[in-house]
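Overview (structure and organization)
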Amino acid sequence: MVAANVAWDPTLDIYEASRDLQRAQTQPWFTEYLHPTLEEYFKPNPANHGSYFIGWSSTDETFWKENYQIWMAALREFDRLGGTIGAGEDSGFIYQMYGFGLIRTLELHQEAGFHPLKIIQQATGNNAKILRQEKLGRVRVGYLADLIVVNGNPLENLKVLYPTGVDEIKDGRMVHTGGVEWTIKDGIPYHGPTLMKEIKEMVAKARSERASKAARQ
């Protein structure tokens, strides 16, 4: 694969429910940001792709924890041999939400043994290389200035990239920080908290409408 210049985007997050179903089902951002349409799709249903967690056992999870160790070891070896590794989430099923799943996959890259700086490279420069978008992924003269402004240092804690932020201890007090403050795409700035507020309202409205419809029925 390395000799043939084949890249590897492992999407480590998408099967994590297999090794820890309870964690996957109770992610904190589900409360306010999980749209009811996607929530319904997440429910165990043999007719839905990826909805197979009926009767999932601790034995199943133990096997999958071992699978992850084998998977991550192969990923490290691929990198050692000079392979190009990208970062993606494959969200939209198995309890992974778009955006949130990407940050989780970065955390799993760290669990696999990669330094945060290398993980950022995998998610930016390497992804651009894989997509043959050579004007993306780096901060350089002549490149497109697509940037994010984050409240915190992801090299110290990748969790600051979560849209909902993270709680940290500073000067003996707990403070809520992190989150992407601004996304700059094609020179246009988008305010992260404003977008999150709009999504939260959209989800609340959809849930209200679904509840009203169910009551009428």
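The coordinates are above.
Below: a short report on this structure. (Residues numbered from 1 in each chain as written. Predicted model: local features only at pLDDT ≥ 70, side-chain atom pairs only at ≥ 80, totals over all residues. Heavy atoms only, no water.)

Right, let's get into the sheet that holds strand S4 (residues 180–185). The strand order across the open sheet built from three strands is S1-S4-S5, with neighbouring strands paired in antiparallel fashion. The sheet terminates laterally at strand S1 (147–150) and strand S5 (188–191), the two strands that pair on one side only. Going from strand to strand, the sheet's axes swing by 20° on average, the running direction of each strand aside. Strand direction decides the pairing type here: S4 and S5, joined by four bridges, are antiparallel. Within S5, the position partnered with Trp182 by the bridge is His191. Against the sheet, helix H7 (residues 192–216) engages S4 and S5, with an angle of about 55° to S5. (Pairing = 2+ DSSP bridges. Helix = DSSP H or I, 4+ residues; strand = E, 2+ residues; numbered from the N terminus. Axes fitted to C-alpha atoms, helices over the stretch in contact; angles between N-to-C directions. Contact = heavy atoms within 4.5 Å.)

Attention now moves to helix H4 (residues 58–80). With 23 residues, H4 should cover 33 Å at 1.5 Å per step; its first-to-last C-alpha distance of 33 Å lies within 8% of that length. Once H4 finishes, Gly82 follows within two positions and takes phi at roughly 100°, a positive value. (Expected span 1.5 Å × (residues − 1).)

Let's shift gears to the pattern of salt bridges. Evaluation of the coordinates by the stated rule reveals 13 salt bridges. For Arg104, the salt bridge goes to Glu107, with nearest N and O atoms at 3.2 Å. Of this pair, Arg104 and Glu107 both sit in helix H5 (residues 100–111), three residues apart, which is roughly one turn of that helix. Note on Glu107: relative accessible area 10%, which makes it buried. Between Lys185 and Asp146 there is a salt bridge, with its nearest N and O atoms 3.2 Å apart. Of this pair, Lys185 sits in strand S4 while Asp146 sits in the loop between helix H6 (116–130) and S1; the two residues are 39 residues apart in sequence, bridging distant segments of the chain. Assessed through its relative accessible area of 37%, Lys185 is described here as partly exposed. When salt bridges that share partners are traced, they join Glu16, Arg19, Arg23, Arg104, Glu107, Glu111 and Lys159 into one network. (Salt bridge = Lys/Arg side-chain N within 4 Å of Asp/Glu carboxyl O. Buried < 20%, exposed > 50% of the residue type's maximum accessible area, 1.4 Å probe, protein only.)

Note that all results are geometric; they support no functional claim without further evidence.
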